[in-house]
Every structure is written in structure tokens, then in C-alpha cells.
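What the coordinates show
Next come the chains, spelled out residue by residue.
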Amino acid sequence: MMQTAAYLTAAGVFAIGLYGMLTQRDMIKICISISIMDSSFVMALVAAAYVPGGAAPIAGFEALRFVDPLPHALALTAIVIGAGILAIALALTVAVYRHYGTTDIARLFIATREDS
Amino acid sequence: MNHLPVLVVVIPVAGAFLISLVDTVRPAFKSTAALLVATAHSTTLVAAAYRGMTGPALLYSVGEWIAPVGISLMVDSFSAFFLLLLAIGHLASALVRIESGDRSEWARKSAALIALFFAALSGITVTADLFNLFIFVELATVCSIGLIARKRHPGSAVAGFVALMAATISGALLLFAVLVLYVATGTVAMPLVAQAAPDLPAHLHGMATAAIIVSFGIKIGLVPMHFWQPRTYHAAGTTVAAILSAFGLKIHVYALLRLLWFPLQAPVVLPGVYSILLVMGMVNILTGHSMAMIERNLVRMLAFSSIAHVGYILLGVAAAGRIGGSAAVYAVAAALFHTGMHTLMKSALFWSGHRLIHLSRSSRIMDLGGIAWRAPGSIIAFSLAALAIIGIPPTGGFASKWFVAMAQQALLPVLVIGAGTVISLVYYGRFFLIATRRDPPDSFPAPHPLSLRPRLQTAVVLALAVAAVMAGTRDVQVRSLLLRAAEGLVDQADFVGPALIGRGR
């Protein structure tokens, strides 16, 4: 039940991020949408690892159920990758704004078409 | 334990650090350092490929932790074929860049980025772990965005951002597929997922398969997910576009095929997916060639041509999936033949086009009128590669298209291949006529001060173009290599066996 609720929440958050990414014209808002999408995967990975009453898998520690640490490791890696991608996206946004004075992706398409 | 599978990743990563260090301490030796790194990496790739082609699959468990606890790397005959393409790519791109003469800050950084990009592509090729694959795909994305946006032109930043948006959706879908497979099987090790795949619930298997096809479809430019490619290649410039199209795109094709055949067991569990790929392949051929024909910019024309040629590869792949069993080996070999040929042809086209664009200071086709007489070596290489990519006998491009057509079980894909060949003859022929016009404009711009006599660059593109032409006349030697590589994909015992033995150690 808890796991299903977490998956549904993650799916909802992902949908919000994807909607923002596909509908927003402002590059900053697109960056925020990318960040929201990344968060949804972290939520889903944590939900995938959930074991009711599960203990941390520490050597020498005895318990009836252990939690698989793999999804947590994957979540940490996904956070790092997401942060890297977001940093590049923001750096590109800054570079574009300095030259064109706008972060509206539709206006930038027109401007760059004229440049080429 | 043989360390070659991990060395193909470690050497270029360490090399990228070395290039950056040399660039800081002795900038004059940066190109030499890049060439040394490329040579060392290519040698390692060839050694790993030789082992993968001539013996059983090479298994490497990182830190001696066996799957599912640790990460496994593996080189079999199928991945060995792509390692060979990477060896050609890294060495050729280092040789081509030696004479670029560009001393800008971004150009200096791109040598290290190229080494990292080839490290990521090597990682995608050797990994046998789904999450590890995701990490290498993302690393390749980050490097490619850096290479696309490396120019000072702000349009490159816009194109880089568009590519990043596409890559984000692609990465999200790949991570979703990995998550689904983990939830369904409890592991991310490919051999163990493959064992469990036939028993997976149909909806989970279908979701993972669809997510993987769309994810890599964005990367390889499946219509209509190709929207980012022409803009990106144009902004990246010919040097980088060649690396992205000829080598990066092919490794993503490899990842798609590996995932469909191996962990997902699609030919057995979900054979219907290959009919969809067949239709997508035909749409790609017709759309790519049609768009290339109406395109007025040389780089964008070559980008649309790449989209079309992904279609030819998919036709071979789809035929293999629909045939199934050991007979699929011939269809996979045909797809691999066209993959290898397109790598040679497209790198030769982009890199020879670089010289032509450099001299005329424009990539508009009409501005390149009469340019052939100012760069005869480049236009010869371009023409040879164009003959091959059109599919004129007896070039390698003709042979690969012929084998893909022979693998088809219906008439329609064969007709589409023929139509694509005719359309490509029109647009490459049109460019050749314009470039060899006898009346060049009076006011040709003065040559760019950098890279006036790129003899090495011309020699490299000529070698690639001649190889693309000659491969058609050496099909007996090429065929044995291709069949061995195709067996690696279709006969998975070669891939699964060592992994399971390793598990028991």
C-alpha cells in the first residue's frame, strides 16, 4: 500500500516535470522541470527499495528482513547525474541570455535561424 | 583475470586528465598528448576486440565482485565489432584535429571532452549492467553537449540546450526501463535479467521495451524523435558532427540491439516489436532522404542523410527479429555491415566537408560553388564517400544496402531502399555539380588564416573514403567478421555462459 502510494506520487511528480518541460518556453522553467523529473526518479527508486520492517544490510547484524541497498546507491548516482545535467543546462541558459537578452526558447529558435 | 574490458574505459578517462594537464602546463604539446591517448586507447580497443572475436566472451568483474553484487563488464564478438569502430573513430578524430589550428579556449577543452566521450562510448559497449549502462549513456550525453556548445557562437548554446532537453527525456525513459526491470527481477545485471525475462509479466516487459525503444530512438534519430539532430549537428560543426553521427550514434544503435536481444529477449518474448521497427526504418529512410533533398545547408543535409541511414540499419535489424533463430544471423550481419559502412562514409563526408566549408566560410550549398578546384583532395574524398553512401556498385555502401535488401521478407522495404538510393543520388549529385562548377564567384572570401594545408586531415578522410569504397570488393573477408559479430548477438550462449560461470565462482 505504502509502496503503491509512493509510486503513484512519483508518477504524478514525473508528469508535472514532463508537462513543464514540453509546454514551458522559458529556459529557466525548463531547467526547473528537468529537476522535478529527476526528483520523481529518486522517489521511485526509494519506493522500490522499501521493505516493510526491513533492516539495514550491515554485516553481523541479524534481522528477519533486510532492505536491498542497491536502489539507494542508484538513487545517489541518479542525483549526481541529474545535478550535472542541470548545471550544464543552467550554464547554457546563462550563455544564451548574455548574447540574446532572452531565455524564451521560441524567440531563440527564430534568432538562431536568422544567424545561420 | 584479463583487464582489457576495464582498460578500454580507464585509459581514455586517465587520458582526458592528462590532456587537460598538458594543456595547462605546455599547451603546445596538447595535440601530441591527445594523439598519444587516442593511440593507446585504440590499441587497447583493438586488443579487446581481437580477444572478443577470436575466443569466448571476455568477462570482467569490477573489484572481483560478481554480479548481482558487483558490476560486470564483458566483451563478446558483437561488442568487439563496435569496439573496432571506436578504435577507428578515436584515432581518426585525433589525427584530423591535429591540424585544426583552432586555439580558442573551448577548442582546447574539446580534446579532453573527445577522450571522455570515447570513454563513455567504450563503457556503453562493454558493460553488462543496466544501471552502469545508464551512467555511461549520461556521461556520453554530458560530453556531447559540451562538444556541441564548445563554439563561441551563441547559437551553439541554443542547439546544446535543445539536445540536452532531448537527452533528458531519453535518459528519463532509460532510467524508467531500468527501474521497471529491477522491480520485476530484483537485479540490474543483464545476464540475470535475461534469465528472468521470459517469465516477466507482459505489461512490465512491454513497458520496459517501449521505454528503451523510445529512449534510444531519440538518441539515434528515429522519426519523429529526430527533431534535435540537424540543428545540433549544424551548430556543432563538421568535426564534432562526424564524431556524433559516425561513432556516437552507432554505439547507441549497439545499446538498443543489445538490450532488445539480450536482457529483454525480444525476439522470443515480444517479436511484434520488430514489425514496428520495420515501419520506423522505412519512415526514417523516406523522411531523411526527402528532407536532405530540400535542404540548402551541407551540414544539415548530411545530418538528414544520417537519419535516413539509421533506417537502413533498422530494416536489417527488423528482418533479423522477425526471422528469429539462427537464420537471423545473416540479417544482423547485413545491419552490422551497413553500420560499419555508414561509420566510414559519414566520417569521410563530414571531415572532407569541413575543409570545403572552411575555405568558403559558409556551409550553404550555393556558397560552395566551384569550391572543388580549391580543395581537390577533399572533394575526391567527398565524392568517393558520396558514391559509397548513394550505393553505386561496387562500393561498400552498395554491398551493405544489397545485403540489407536481400534480408527482407517483403517487397515494400526493398522498394523503399531503392527509392532512398535514387533520392540520395539526386542530392549528392546536385552538390557535386555545384562544387565542381567551372565559374567560381569572383569574390571568393580570403582563406581562413588557420589550417591552410591540412595534408594529414586530407590523408585521413581519403583513407576512410577508400576503405568505404573497397569494402564492397572485399566482401568475403568482411563477411566472416560480420557473421562472427552477428552470432554474438543472436547466439547469446556466448554472452550468458561466462556470466553464469562467473556467478558460481
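Our subject is the structure that appears above.
Read on for an overview of the structure. From a predicted model like this one, the values you see are computed outputs, not experimental measurements.

Let's talk about the overall build of chain B
For chain B, the count of helices and strands is 20 helices and two strands. In summary, chain B has a C-alpha radius of gyration of 22 Å against a globular reference of 23 Å for 505 residues, a match within 12%. The buried share of chain B, reckoned over its 505 residues, is 64%. Here the contacts in chain B between residues at least 6 apart in sequence split such that 82% fall between residues at least 24 apart. If you sum the accessible surface of chain B, you get close to 17,400 Å²; carbon and sulfur atoms cover 69% of it. Side-chain charges in chain B split into 33 positive and 17 negative, and the spacing between the mean points of these groups amounts to 8 Å.

Examining the nonpolar core
Residue and element names in this part refer to chain B. Residues W261 and Y428 are the most contacted members of the largest nonpolar core, which totals 204 residues. Counting residues per element, this core draws most heavily on helix α14 (residues 328-360), at 19 residues. When neighbours within four sequence positions are excluded, W261 is seen to be in contact with P267, Y274, V317, A320, G321, V332, L489, V490 and Q492. Judged by nonpolar contacts, the second largest core, of nine residues, contains A16, V22, V37 and A111.

Examining helix α19 (residues 475-490) of chain B
In this model α19(B) runs 21 Å from its N-terminal to its C-terminal C-alpha over 16 residues, within 8% of the 22 Å that 1.5 Å per residue would give. When α19(B) is considered as a whole, its buried residues turn out to be B:V478, B:L482, B:L483, B:A485, B:A486, B:G488, B:L489 and B:V490.

A few points about the state of the cysteines
All told, the structure shown has zero disulfides over all chains when counted by the stated rule. Here A:C31 stays free of any disulfide, with the sulfur of B:C143 as its closest cysteine sulfur at 19 Å. Overall, B:C143 belongs to the buried group, its relative accessible area being 2%.

Overview of the side chain of B:S93
All names here are of chain B. Residue position: S93 is located in helix α3 (residues 77-98). Judged by relative accessible area, which is 1%, S93 ranks as buried. Setting aside anything within four residues of it in sequence, one finds S93 in contact with I114, F118, I243 and W351.

As for helix α15 (residues 376-390) of chain B
Residue and element names in this part refer to chain B. Helix length check: α15, at 15 residues, gives a terminal C-alpha distance of 21 Å against a target of 21 Å (1.5 Å per residue), a fit within 8%. Buried within α15 are the following residues: S378, I379, A381, F382, S383, A385, A386, A388, I389 and I390. Phi turns positive, to about 105°, at G391, one or two residues after α15.

Brief notes about the interface of chain B and chain A
Across the contact, 31 residues belong to chain B and 36 residues belong to chain A. A combined buried area of about 2,800 Å² lies between chain B and chain A, and 85% of that area is made up of carbon and sulfur atoms. Among the residues chain B hides against chain A, the three largest losses belong to B:F161, B:L179 and B:Y182. Together they make up 21% of the total. Summed over the shared surface of chain B and chain A, the number is zero salt bridges. Our count for the chain B to chain A interface comes out at one residue pair in polar contact (both at pLDDT 80 or more). Among the elements of the structure, α5 (130-148), α6 (154-185) and α9 (229-236) of chain B are those that each provide at least two residues to the side of chain B that touches chain A. Counting residues per element, the side of chain B that touches chain A draws most heavily on α6(B), at 17 residues.

Quick notes on the packing of aromatic side chains
Residues and elements named next belong to chain B. By the definition in use, this model includes 15 aromatic pairs over all chains. Measuring from ring centre to ring centre gives 6.2 Å for F117 and F118, while their planes differ by 75°; the resulting arrangement is edge-to-face. Under the relative-accessibility criterion, F118 is labelled buried at 0%. Summarising the aromatic geometry, the rings of F382 and F431 are spaced 4.9 Å apart at their centres and angled 45° between planes, so their arrangement reads as tilted. In this pair, F382 is assigned in helix α15 and F431 in helix α17 (residues 411-435), connecting sequence segments 49 residues apart. Each member of the pair, F382 as well as F431, carries the same accessibility label: buried. In textbook terms, an aromatic cluster arises when at least three aromatic residues are bridged by ring pairs, as seen for F78, F81, F82 and Y254.

Cut-offs applied
- Residues numbered from 1 in each chain as written.
- Chains lettered and ligands numbered in written order.
- Predicted model: local features only at pLDDT ≥ 70, side-chain atom pairs only at ≥ 80, totals over all residues.
- Heavy atoms only, no water.
- Helix = DSSP H or I, 4+ residues; strand = E, 2+ residues; numbered from the N terminus.
- Rg over C-alpha atoms; globule rule 2.2 N^0.38 Å.
- Buried < 20%, exposed > 50% of the residue type's maximum accessible area, 1.4 Å probe, protein only.
- Contact = heavy atoms within 4.5 Å.
- Areas by Shrake-Rupley, 256 points an atom, 1.4 Å probe, with all protein chains shown as cover.
- Lys, Arg positive; Asp, Glu negative; His and termini not counted.
- Charge placed at Lys NZ, Arg CZ, Asp CG, Glu CD.
- Core = buried A, V, L, I, M, F, W, Y, C linked by side-chain atoms within 4.5 Å.
- Expected span 1.5 Å × (residues − 1).
- Disulfide = S-S within 2.5 Å.
- Buried area = accessible area lost by both parts, 1.4 Å probe.
- Salt bridge = Lys/Arg side-chain N within 4 Å of Asp/Glu carboxyl O.
- Polar contact = N/O pair within 3.5 Å; in protein donor to acceptor, adjacent residues only side chain to side chain.
- Phe/Tyr/Trp six-rings, centres within 6.5 Å; stacked < 30°, edge-to-face > 60°.

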